[in-house]
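# Structure at a glance
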Amino acid sequence: MNRQIEGGGVTEAQWAASSWLQTLPRASATALFGDAQRLVVVSPHPDDEVLACGGLMAVAHQSGLRVMVVSVTDGEACYPDQPAWSPERLRTARAAELDDALHCLGLSGAERISWHIGDGEVTANEAWIAAQLAAVLQRDDLVLAPWRFDGHPDHEAVARACLQACNECGADLKEYPVWGWHWLDPQAAPTAWASATRVALDDALLDRKRDAIQQFVTQTGAVEGLDCDPILPAAVLQRFERNYEVLIG
């Protein structure tokens, strides 16, 4: 697989035309959570968790499941050539955006951990992350981590660390794609994501998730002083504004 995150990527129209995606096995959130006592969502950068599984996070909270959000980096390296958006400013802004997004999802009281690993430096800290996760996780956790072949080095390193930690403590693990939607050929998805399921989001929950996504203004470009294309243009956001979420595993 050529895991390159560049250009416009696979369009939402192409995914919508995928018979495999439209006929994915459906799972209820209740069935997905099973006997888990806590949902732990591990995110390489603030916004990945809300984009990929913000709906499930909200449902977990509504169901009485404890929710923990782990932010591995602060996402400060997304605009290296933009003087108005220095890493220092982005660290503060992106943390505030995540706060606002979680509020939209009803998750203001969720447990939070931030490790402040350098954005783009996750691979070098993979062993440390795995050890920290192993110390935090419990056997009755359900862990949501990035897909291990997502195409972004930070995402893939976090995925490997989560796999190692879950193997050590016996927690269940499922993976969420973020950039996989961008580069994966839909015709290859049945093989790459053979164990995928989709969980429906009702209209009210979808509205809340869309509101949460819009809080990431530095990523959508809804800020002044950004003299380049945003990380999350409309074509990318469409992949995460569907009335369902997809998990692998």
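Summarised in this report is the structure supplied together with it. What you are looking at is a predicted structure, and each value in this text was computed from that prediction instead of being measured. (Residues numbered from 1 in each chain as written. Predicted model: local features only at pLDDT ≥ 70, side-chain atom pairs only at ≥ 80, totals over all residues. Heavy atoms only, no water.)

## A short note on the overall build of the protein chain
To keep things clear, this is the line we draw: Under the scheme used here, helices are H or I runs from DSSP no shorter than 4 residues and strands are E runs no shorter than 2 residues, and both carry numbers assigned from the N terminus. The globule rule used here is 2.2 Å times the number of residues to the 0.38 power, and the radius of gyration it is set against is calculated over C-alpha atoms. Two residues form a contact once any of their heavy atoms are found within 4.5 Å. Accessible surface area values rest on a Shrake-Rupley calculation with a 1.4 Å probe, where residue burial reflects the displayed protein chains alone. Charge assignment: positive for Lys and Arg, negative for Asp and Glu; neither His nor the chain ends contribute. Every charge is mapped onto a representative atom, which is NZ of Lys, CZ of Arg, CG of Asp or CD of Glu.
Assigned secondary structure in the protein chain consists of twelve helices and seven strands. At 17 Å, the protein chain has a C-alpha radius of gyration in line with the 18 Å of a compact globule built from 249 residues. Along the first, second and third principal axes, the C-alpha set of the protein chain runs to 50 × 45 × 35 Å. Across the protein chain, every contact between residues at least 6 apart in sequence was considered, and the portion connecting residues at least 24 apart equals 83%. When the accessible surface of the protein chain is split by element, carbon and sulfur atoms take 49% of a total near 10600 Å². Each charge class in the protein chain was averaged separately, 18 positive and 35 negative side chains, and the resulting centres sit 6 Å apart.

## A closer look at helix H4 (residues 48–62)
This is how the line gets drawn: Expected span, for any helix, means 1.5 Å times one less than how many residues it has. We define the bend at each residue as the angle formed by axes fitted to the 7 residues ending at it and the 7 residues starting at it. Only protein chains enter the calculation, and the probe is 1.4 Å; a residue is then buried if its accessible area is under 20% of its type maximum, exposed if over 50%, and partly exposed in between.
Helix length check: H4, at 15 residues, gives a terminal C-alpha distance of 21 Å against a target of 21 Å (1.5 Å per residue), a fit within 8%. The largest bend in H4 amounts to roughly 75° and is located at Gly54. With 13 of 15 residues buried, H4 lies mostly within the body of the structure. The positive-phi residue at the C-terminal boundary of H4 is Gly64, with phi of around 90°.

## What about the nonpolar core?
To be explicit about the condition: As used in this record, nonpolar core signifies buried Ala, Val, Leu, Ile, Met, Phe, Trp, Tyr and Cys residues forming a set joined through side-chain atoms within 4.5 Å.
Within the largest apolar cluster, 56 residues are counted, with the highest numbers of intra-cluster contacts made by Trp15, Phe33 and Trp193. Of all the elements, H4 adds the most residues to this core, at nine residues. Discounting residues that sit within four places of it in the chain, Trp15 has contacts with Val10, Trp20, Leu21, Gln22, Gly180, Trp181, Leu184, Pro186, Ala189, Trp193 and Arg242. The next biggest cluster of nonpolar side chains, apart from the first, holds 24 residues, and it includes Ala157, Ala161, Cys166 and Cys169.

## Considering the side chain of Gln82
The following threshold applies: Within 3.5 Å is the distance limit for a polar contact, defined as a pair of N or O atoms, with the added protein rule that one can donate a hydrogen and the other accept it, and that residues adjacent in sequence qualify only through two side-chain atoms.
Inspection of the secondary structure puts Gln82 in the loop between strand S2 (66–73) and helix H5 (87–104). Reaching out from Gln82, the side chain makes a polar contact with the backbone nitrogen of Asp227 at a distance of 2.6 Å.

## Some points on the side chain of Thr197
Locating Thr197 in the fold gives a position in strand S6 (residues 196–200). According to the relative accessible area criterion, Thr197 is buried, its value standing at 18%. Dropping the residues within four chain positions of it, Thr197 is found in contact with Leu24, Pro25, Ala27, Glu245, Val246 and Leu247.

## Here we look at a negative patch on the surface
The condition is simple: Surface patches are defined over residues having more than 30% relative accessible area and no salt bridge, joining like charges when they lie within 9 Å and nonpolar side chains (Val, Leu, Ile, Met, Phe, Trp, Tyr) when within 5 Å. A pairing counts as a salt bridge when a side-chain nitrogen of Lys or Arg comes within 4 Å of a carboxyl oxygen of Asp or Glu.
Taken together, the side chains of Asp202, Asp203, Asp207 and Asp211 present a region of like negative charge at the surface. Structurally, Asp202 is set in the loop between S6 and helix H10 (203–213).

## Digging into the pairing of strand S3 (residues 111–117)
So the rule is basically this: The rule for pairing is simple: two strands pair if DSSP sees at least two bridges between them. We call a crossover right-handed when, viewed with the strands running away from us, the connection from the first strand over the helix to the second turns clockwise.
As paired elements, S2 and S3 share five bridges and run parallel to each other. In the sheet register, Thr73 faces S3, and the bridge partner there is Ile117. Crossover S2 to S3 through H5 is right-handed.

## Some words on the packing of H4 against H10
Two measures define how a pair of helices packs: the angle their axes make with one another and the distance between the axes. We count it as follows: All axes here are fitted lines through C-alpha atoms, helices being fitted over the stretch that makes contact, and every angle between N-to-C directions spans 0 to 180 degrees. Relative orientations are named as follows: roughly parallel for angles under 35 degrees, roughly antiparallel for angles over 145 degrees, roughly perpendicular for angles from 65 to 115 degrees, and oblique for any other angle. Each crossing is labelled by how the near helix is turned from the far one, with a counterclockwise turn of less than a right angle marking it left-handed and a clockwise turn marking it right-handed. The nonpolar class holds Ala, Val, Leu, Ile, Met, Phe, Trp, Tyr, Cys and Pro. Asp, Glu, Lys and Arg form the charged class, and all remaining residues, Gly among them, are polar.
Look at H4 against H10: their axes get within 10 Å of each other, and the N-to-C directions meet at 130°. In terms of orientation, H4 and H10 fall into the oblique class. Handedness of the H4/H10 crossing: right-handed. Here H4 contributes Val50, Leu51, Ala52, Gly54, Gly55, Ala58, Val59 and Gln62 to the contact with H10, which in turn contributes Leu205, Arg208, Lys209, Ala212 and Ile213. Class assignment of the residues belonging to the contact of H4 with H10 gives a composition of eight nonpolar, three polar and two charged.

## As for the pairing of S2
With seven of its eight residues buried, S2 lies for the most part within the structure. With six bridges joining them, strand S1 (residues 38–43) and S2 adopt parallel strand pairing. Across the sheet, Val41 pairs through a bridge with Val69, a residue of S2. Considered for its hand, the β-α-β crossover made up of S1, H4 and S2 is right-handed.

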